[in-house]
Amino acid sequence: MLARISYALRETFASLRRNVTLTAAAIVTSAVSLLLVGSTFLIQRAFDNLLTRWKGDVELIVYIRSDASVEQIQLVEDALRSQPSVIDVDRLRYLDQAESYAEAEKLFAGDPGTLRLLTPENIPSQFKVVPIAEDSSLVRELGEQFRQLAGVKEVAYAQDVFDVVSRVSQFIRVATTAMSIILLVVAVGLIWNTIRTAMFARRREIEVMKLVGATNWFIRIPFMLEGLLQGLIGGVLACGGLWGLNSAWSGAVDDFNDTELAALVVSDGYVSGVMLVLLLIGALAGAVGSGIAASRFLDV
Amino acid sequence: MIRLENVTKSYSAEVTALRDVSFEIPKGEFVFLVGPSGSGKSTLLRLMNRQEVPEKGSVWVAGKNINDLPESKIPFLRRSMGNIFQDYKLLLNKTVFENVAFALEVIGRPRHVIRQQVPAVLELVGLADKSDRFPHQLSGGEQQRVSIARAFVNRPLILLADEPTGNLDPTTGEGIMRLLERINSTGTTVVMATHDTRVVNMMRRRVVQLDRGIIVRDQERGVYD
């Protein structure tokens, strides 16, 4: 048994050394495709986090004109508080102009043009309203009533934004999934080709092995190990890349700490889970690709 | 040891390699298969180690019909036979020792067995002092001895030889024949395809002559013709 294992390992590494260029190409392709697969997972997770947060959070924002009087604002607040069956009055939040501006500064940090148009004086203050009614038409009805109130500038429904984000996220989900599948197929193809080349270079050896009575598995295993290693190394590189991408992303999102965008951060536990999946996919794709290639060339 | 019953094998509609061939080789015999190129000698050998399967008829080795052998059992059939070829089929990147050890290694023999058996068989073929050489550093006769050592190291019941003296000069070929004779004397059945008239006449063993896929002569202690 020990002799077989040491033989398989020796052959695997010798073969990897012999085809450095092809091996490198196969590893890089699998790394890139796996990185894309991983990114797909993380992007999806980030959007899901954001959508979940929005769903359970603010769904209605009542913007108050910047020139509204204190009485008018009080009137709006009283009207909102008189609807405990539709909205969660305990989570009703009023952001005055200074607070609204602070939020806008963060939201539009990357968009100085828009920010320049806003000042703490002209920005509308806002009530953030969390509905509790399940029926969204009830919420809309209420919103329409508030639009009529003096001092109210606009009523915005998070549902609208939610729908847009949902659609965008759906599109990204499909696009990235399709791309990663295509790249994964390419990676398997490259691994297949590397193994085929390796086997062609050693066809004489394989012929002798078959004639002296080596089993097909004995011949196949070093090649499958080689493919598995290529996929696995690709997976490790992809994990490194994913970790780098995610920490850069988390760092960037950190600047929006107290806005909804903070929900775009993906937890470390989930990232580790995705990495494990990438390693598994890499190893499996490599082993299967090379196993098929090896089987095809064993009919001596 | 080996029995063929009404074996027919063709490679295409036009090329029929063997037509309804039947004969038997008892254990421990030394048999020459002779005949011109294309007469079916190599095909016979390839049927015996399951590199080919006949269309009709059956091939029996050591009491088993090997046509029915499942794919997974073929390696174990081949472990009971050694093969030598006109072109030796040595691995050029391995030393003499490694070439012979390879045959044991790939059937999973432990290292201490390899360390013990390889030098013994190299001694037998007269290459004990050349175990670290590479094939290109050896003469043709020496290379054929390495391939015989590789075929015999596992002590097979049967040795199949396809034109083993085809690339060698007469004196060297004679040395190879002496070696095969010695191996045969240990009880190993030897089947050798050849069209080397000289070695057949020298050995005076059973001769099975083929012509266009048919056995035209089967003679004890025969000569080439």
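The structure under discussion appears in the preceding block.
Residues numbered from 1 in each chain as written. Chains lettered and ligands numbered in written order. Predicted model: local features only at pLDDT ≥ 70, side-chain atom pairs only at ≥ 80, totals over all residues.

J.: Account for the packing of helix α1 (residues 2-18) of chain A against helix α9 (residues 216-254) of chain A, with residues named and values stated.
T.: All names here are of chain A. Here α1 crosses α9 at 55°, and the two axes come no closer than 8 Å. The angle between α1 and α9 places the two elements in the oblique class. Crossing hand, α1 versus α9: right-handed. In this structure, α1 contributes A8, E11, T12, S15 and L16 to the contact, and α9 contributes I221, P222, L225, E226 and L229. Considered class by class, the residues forming the contact of α1 with α9 number six nonpolar, two polar and two charged. (Axes fitted to C-alpha atoms, helices over the stretch in contact; angles between N-to-C directions. Helix = DSSP H or I, 4+ residues; strand = E, 2+ residues; numbered from the N terminus. Parallel < 35°, antiparallel > 145°, perpendicular 65-115°, else oblique. Left-handed = near helix turned anticlockwise from the far one by under 90°. Contact = placed C-beta atoms within 7 Å. Nonpolar A, V, L, I, M, F, W, Y, C, P; charged D, E, K, R; others polar.)

J.: Outline the sheet that holds strand β5 (residues 64-65) of chain B, supporting the account with residue identities and numerical values.
T.: Residue and element names in this part refer to chain B. The four strands lie next to each other as β2-β1-β4-β5, forming an open sheet whose pairing is antiparallel. What marks the edges here is a single partner per strand, and that holds for β2 (16-25) and β5. Across five bridges, strand β1 (residues 2-10) lies against strand β4 (residues 56-61) in antiparallel orientation. When the sheet's bridge partners are listed, E5 is paired in β4 with S58. Strand contacts of helix α1 (residues 41-48): β1, β2 and β4, with the helix running at about 120° to β1, the strand carrying the most contacts. (Pairing = 2+ DSSP bridges.)

J.: Tell me about the interface of chain A and chain B, residues and numbers included.
T.: Accessible area lost during the coming together of the parts is what is often quoted as the interface size. Between chain A and chain B, the contact holds 13 residues from the first and 15 residues from the second. Going through the elements one at a time, α1 and α8 (203-211) of chain A are the ones with two or more residues in the side of chain A that touches chain B. The biggest single contributor to the side of chain A that touches chain B is α8 of chain A, with five residues.

J.: Tell me about the environment of E55 of chain B, and please be specific about residues and values.
T.: Residues and elements named next belong to chain B. Its location among the elements puts E55 in the loop between α1 and β4. By C-beta crowding, E55 is classed as exposed, having 11 other C-beta atoms within 10 Å. Note: C-alpha distance between E55 and N67 (twelve residues apart in sequence) is 9.8 Å. (Buried ≥ 20, exposed ≤ 12 C-beta atoms within 10 Å, placed from the backbone.)

J.: Lay out the sheet that holds strand β2 (residues 93-95) of chain A in plain terms, naming residues and giving numbers.
T.: All names here are of chain A. Across the sheet, which stays open at both edges, the four strands sit in the order β2-β3-β1-β4 with antiparallel pairing between neighbours. The open sheet is flanked by β2 and β4 (152-157), the only strands paired with a single partner. Going across the sheet, the axis of each strand differs from the next one's by a mean of 20°, ignoring polarity. Of the strand pairs in this sheet, β2 and strand β3 (residues 125-129) are connected by three bridges, and their pairing is antiparallel. Within β3, the position partnered with L95 by the bridge is Q126. Contacting β1 (60-64), β2, β3 and β4, helix α3 (residues 70-81) runs over the sheet at an angle of about 5° to β3.

In short, the description is geometric, and any link to function would need to be established separately.
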